[in-house]
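Architecture and fold: a report
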Amino acid sequence: AILFITFITFINVIFVSYLSFIITKKNSYAFLAGLLYLFLPSVILYQNIFSTEHIAITLIITSMILFIIFENKFTVRKPTNNVLLALILGITLSFLKFFKPVSIIIIIAFLIYYIFYKVLYIKIKTVNYFKILCLLSMIFAYSITNLFVFNYIDSLVGERVNRN
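Presented here is an overview of the structure given in this document. None of the values given here were measured: they were computed from a predicted structure.

What counts and what doesn't
- Residues numbered from 1 in each chain as written.
- Predicted model: local features only at pLDDT ≥ 70, side-chain atom pairs only at ≥ 80, totals over all residues.
- Heavy atoms only, no water.
- Helix = DSSP H or I, 4+ residues; strand = E, 2+ residues; numbered from the N terminus.
- Buried < 20%, exposed > 50% of the residue type's maximum accessible area, 1.4 Å probe, protein only.
- Expected span 1.5 Å × (residues − 1).
- Core = buried A, V, L, I, M, F, W, Y, C linked by side-chain atoms within 4.5 Å.
- Contact = heavy atoms within 4.5 Å.
- Salt bridge = Lys/Arg side-chain N within 4 Å of Asp/Glu carboxyl O.
- Polar contact = N/O pair within 3.5 Å; in protein donor to acceptor, adjacent residues only side chain to side chain.
- Axes fitted to C-alpha atoms, helices over the stretch in contact; angles between N-to-C directions.
- Parallel < 35°, antiparallel > 145°, perpendicular 65-115°, else oblique.
- Left-handed = near helix turned anticlockwise from the far one by under 90°.

Quick look at the overall build of the protein chain
- Along the protein chain, the regular secondary structure elements total 7 helices and 0 strands.
- What you see in the protein chain, going N to C, is helices and strands ordered as α-α-α-α-α-α-α.
- Its C-alpha atoms give the protein chain principal-axis dimensions of roughly 55 × 50 × 25 Å.
- Counting over 164 residues, the protein chain shows a buried share of 35%.

Structural notes on helix α4 (residues 53-72)
- The end-to-end C-alpha distance of α4 is 29 Å, a good match for the 28 Å that 20 residues give at a rise of 1.5 Å each.
- The buried fraction of α4 amounts to 14 of the 20 residues, a majority that puts the element mostly inside the structure.

Looking at the nonpolar core
- Of all hydrophobic cores here, the largest spans 20 residues; its most connected members are F70, L89, L93, F110 and M138.
- Residue assignment for this core shows that the elements contributing at least two residues are α4, α5 (79-97), α6 (103-121) and α7 (129-157).
- Contacts of F70, omitting those with residues within four sequence positions, involve N82, L85, A86, K131, C134 and L135.
- With 9 residues, the next largest nonpolar core counts V13, V16, L19 and I22 among its residues.

Quick notes on unusual backbone geometry
- Backbone geometry places K25, a non-glycine residue, at a positive phi of 65 degrees.
- Position of K25 relative to the elements: it lies in the loop between α1 (2-24) and α2 (27-38).

A short note on α7
- For α7, which comprises 29 residues, the first-to-last C-alpha distance of 42 Å matches the rise-based estimate of 42 Å (1.5 Å per residue) to within 8%.
- For α7, every residue scored as buried is listed here: K131, C134, L135, S137, M138, A141, Y142, T145, N146, F150 and D154.
- Downstream of α7 by one or two residues, G158 has phi in the positive range, about 100 degrees.

Overview of the pattern of salt bridges
- Under the counting rule described, the total for this entry stands at 2 salt bridges.
- With a closest N to O distance of 3.6 Å, K100 and E53 form a salt bridge. Of this pair, K100 sits in the loop between α5 and α6 while E53 sits in helix α4, placing them 47 residues apart in sequence.
- Using a relative accessible area of 28% as the deciding quantity, one classes K100 as partly exposed.
- Residue E53 is classed as partly exposed on the basis of its relative accessible area, which comes to 26%.

Description of the side chain of K131
- With respect to the helices, strands and loops of the structure, K131 is situated in helix α7.
- Engagement of the side chain of K131 in a polar contact is seen with the side chain of E71, the distance being 3.2 Å.
- Once you skip the residues sitting within four places of it in the chain, K131 turns out to touch F70, E71, F74 and Y114.

Some details on the environment of L96
- As for its placement among the helices and strands, L96 is situated in helix α5.
- For L96, a relative accessible area of 0% translates into the label buried.
- Separated by 36 residues in the primary sequence, L96 and I60 place their C-alpha atoms 7.1 Å from one another.
- Not counting the four nearest positions on each side in its chain, L96 is found in contact with A56, L59, I60, V102, S103 and I106.

Some thoughts on the packing of α5 against α7
- The geometry of α5 relative to α7 is characterised by a closest axis approach of 7 Å and an angle of 40 degrees between their N-to-C directions. Relative to α7, the element α5 is oriented oblique. Of the two elements, α5 crosses α7, and the hand of that crossing is right-handed. The residues of α7 that touch α5, namely those facing P79, N82, V83, A86, L87, L89, G90, I91, L93, S94, F95 and K97, are F130, C134, S137, M138, A141, Y142, T145, N146, V149 and F150.

Worth remembering: the numbers are spatial, not functional.
In structure tokens:
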């Protein structure tokens with residue numbers, strides 16, 4: 001169990017560094033962000049305990065990376081890549097719900113970012129309806145994955161489990 005948590009922590013350090021590199025475009029800031037994450041007290045204290053905290057952090061960082069890639073690489077010329085990325089983002093957020101109930105807050109934050117920042121603050125002349133459709137497909141993938149996983153858990157347990 002300790003090797004698994006160590007591996008997940010290693011993946012988290014790489015993801016935090018990559019997220020920092022995507023945002024700042026500087027290797028020194030990415031290295032510093034990974035180093036700061038590695039020396040967080042919660043990361044050090046939870047290292048010997050098998051908890052879902054590390055997996056939840058991995059999924060949260062993965063969803064942030066996927067959303068930034070979705071925003072930066074969005075093109076109308078390659079619609080299948082956009083829809084596929086939105087579906088993967090929805091499935092990632094759906095699995096996050098089983099470790100920490102913050103995925104719906106992240107979805108709302110994505111929608112608020114697009115509506116208030118992109119449309120109202122930057123004042124985009126034309127609203128990209130295909131991007132809105134991709135964001136709706138993310139929510140659809142989130143909902144369908146939750147439904148399938150909860151139905152599978154219900155069939156294993158034999159009764160209806162809590163949906164929170």
